[in-house]
Amino acid sequence: MWVSLKLVRIYLNSQTIILALFISSVAGEPMNIHEYQAKQLFQAYGIPSPQSKQVTTATAAVLATNEIAGNAWVVKAQVHAGGRGKVGGVKVAKNSDEVKQFAAEMIGNRLVTKQTGEKGLPIESVLIEATSAIKCEFYLSVLVDRASERVMFVSSIAGGMDIEAIAKDSPEKIISIIIDPAAGVQSYQCRRVAFSWSLQGAQIRALEKVMKGMYQLLLEKDASQIEINPLIETEEGDIIALDAKINFDDNAVALHPDILQLRDEGQEDEKENKAQLYDLNYITLDGSIGCMVNGAGLAMATMDLVKLKGGAPANFLDVGGGTNTEKVCEAFKLILSDSNVKAVLVNIFGGIVQCDIIAKGILTAVDEVHVTIPVVVRLEGTNAEKGRELLNNSDFGVVAADNLASAAEQVVALAKAVA
Ligand code: ADP
Ligand code: MG
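These figures come from a predicted structure and were not determined experimentally.

*Asks:* So what exactly am I meant to see when it comes to the overall build of the chain here?
*Replies:* A tally of helices and strands in the chain yields 15 helices and 19 strands. Overall, the C-alpha framework of the chain stretches about 80 × 50 × 40 Å when taken along its three principal axes. Residue burial in the chain is summarised as follows: out of 419 residues, 52% are buried. Sequence-distant contacts, at least 24 apart, represent 69% of the contacts inside the chain between residues at least 6 apart. Roughly 19,200 Å² of accessible area belongs to the chain as shown, and the carbon and sulfur atoms make up 52% of that amount. Charge-centre separation for the chain: the mean point of 38 positive side chains lies 4 Å from the mean point of 51 negative side chains.

*Asks:* Help me understand unusual backbone geometry in this model?
*Replies:* Most peptide bonds are trans, and most residues other than glycine sit at a negative phi. The omega torsion of the bond from Asn-229 to Pro-230 falls at 15°, within 30 degrees of zero and hence cis. Along the polypeptide, Pro-230 turns up in strand β11 (residues 223-234). If you check the backbone angles, Asp-222 has positive phi at about 55° while not being a glycine. Looking at where Asp-222 falls in the secondary structure, it is placed in the loop between α8 (201-220) and β11. A relative accessible area of 28% places Asp-222 in the partly exposed class.

*Asks:* What's the story with the coordination of the magnesium ion (ligand 2) in this structure? I'm lost.
*Replies:* Around a metal, the ideal angle is 109.5 degrees if four donors adopt a tetrahedral arrangement and 90 or 180 degrees if six donors adopt an octahedral arrangement. Protein coordination of the magnesium ion (ligand 2) is provided by Asn-229 (O) and Asp-243 (OD), with donor distances spanning 2.1 to 2.2 Å. Placement of Asn-229 in strand β11 and of Asp-243 in the loop between β12 (239-241) and β13 (245-248) is noted, with a sequence separation of 14 residues between them. In this structure Asn-229 comes out as buried when scored by relative accessible area, which is 15%. Owing to a relative accessible area of 11%, Asp-243 belongs among the buried residues under this scheme.

*Asks:* Would you explain the site of ligand 1 in this entry?
*Replies:* Every one of the 17 residues lining ligand 1 counts as a neighbour, but Lys-76, Arg-84, Gly-85, Glu-129 and Glu-137 are closest to it. Contact between ligand 1 and Glu-129: a nitrogen atom at 2.8 Å from a side-chain N or O atom of the residue. Relative to its unbound accessible area of 540 Å², ligand 1 is 83% covered by the protein chains. Elements with a minimum of two residues in the shell around ligand 1: β3 (73-77), β7 (126-130), β8 (134-145) and β11. Residues belonging to the shell around ligand 1 are distributed by class as follows: six nonpolar, six polar and five charged.

*Asks:* Which parts of the structure should I look at to understand helix α14 (residues 384-392)?
*Replies:* Residues that lie three or four places apart on an α-helix share one face, since the helix turns once every 3.6 residues. Those residues of α14 lying buried are Ala-384, Gly-387, Arg-388 and Leu-391. Projected down its long axis, α14 carries its buried residues within an arc of 95°, all on one side. For α14, the elements touching its buried residues are α13 (355-368), β18 (375-381) and β19 (399-401).

*Asks:* What's the story with helix α3 (residues 35-44) in this structure? I'm lost.
*Replies:* For α3, the buried fraction is high: seven of the 10 residues fall into the buried class. For α3, the full list of buried residues reads Glu-35, Tyr-36, Gln-37, Ala-38, Lys-39, Leu-41 and Phe-42. Looking at the residues trailing α3, positive phi occurs at Gly-46, about 75°.

Calculation rules
Residues numbered from 1 in each chain as written. Chains lettered and ligands numbered in written order. Predicted model: local features only at pLDDT ≥ 70, side-chain atom pairs only at ≥ 80, totals over all residues. Heavy atoms only, no water. Helix = DSSP H or I, 4+ residues; strand = E, 2+ residues; numbered from the N terminus. Buried < 20%, exposed > 50% of the residue type's maximum accessible area, 1.4 Å probe, protein only. Contact = heavy atoms within 4.5 Å. Areas by Shrake-Rupley, 256 points an atom, 1.4 Å probe, with all protein chains shown as cover. Lys, Arg positive; Asp, Glu negative; His and termini not counted. Charge placed at Lys NZ, Arg CZ, Asp CG, Glu CD. Donors = N, O, S within 2.8 Å, 3.2 Å for Na, K, Ca; no water. Near = heavy atom within 4 Å. Polar contact = N/O pair within 3.5 Å; in protein donor to acceptor, adjacent residues only side chain to side chain. Nonpolar A, V, L, I, M, F, W, Y, C, P; charged D, E, K, R; others polar. Arc of directions from axis to C-beta.

Structural data, given as structure tokens:
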């Protein structure tokens, strides 16, 4: 769910074509898991993390402190997003009363971080963790790099911070290492990272173990990215993962029932999940114009044009090449379930499908779903004339536009008139 979604949003901000092309090549959406689940996987792969326990009530949180060494604990909200520390989602409790208080405050509430959008995500559990004495915070991740077509480690001495900000402001602090698939992670590659962090002796071997564990985990479980931010050096000199984020390749997750059962749909966008059921590519955005398009490239171009004409798309929706009435109906339902939507733009190119069949599908859908807001349709390709005729002769007030530019202009004007 993450990479392509993020890219679409970046795309909408910067409107660059290169990213659009990249998005259409992004196959599937990554599946996320919680920090506590990622840390359990880390344990299986020899990556050390502090002693911890996931709990769903404040009472259980207090009981957990009996099992975890120390006299201060970190209470961490379990949501599928980073940036928790800055917004009160990671709190150090100096005694068990504070553990109880922080857990009670978090569980049942929502956490809004830089990565969640303004609605935030529900906190259904917290992780109670031993506090570590931090000497240095590093950044370490491993991912599938599309440019080099290899697995790549990204490391930085400046951990604990936004990696995007480091990449922008001090790119010299980032060291990337590409792994040859035939050779796997080599000791000299781990040493390169270790030396850049000024690690010594046993720490260098500890980092090698972490990197090899991450690589093994990525390959064996078909993860697309594993991120540890921060990976720390403790005052005692140990190397420990304080945070853990893993994304899995959605197209491969069916091969791993153990990973699939870690999925938490409560953390995912309901509409996006529903779209998946009908094989629709749907991503929620925050504008007022619902878009229904066949083909990811055409969908990007449509959103571009809507923006160019002064509107804002409410979603990205690709109904696919060979669409049918059922899919069009479901797509309308999805679009209309968003109360921000003031008008709908349907943009279909009839290559494989015929426009008159699509027009009938649209009219059936508008009737069945009781669409009351303005709908503008642009049809082009096979039987486009016939399709437009059907729309023009219907009683539903669907606007059949002559071309894409005029369709975008009309839908933006209609949405503004309604708002
Ligand atoms: P997020 O990335 O969502 O903000 P992190 O798990 O990275 O969450 O925690 C944020 C910060 O809180 C870390 O950079 C670290 O400084 C501190 N922190 C997290 N866990 C611990 C811990 N177990 N002991 C001490 N400090 C911690
Ligand atoms: Mg973090």
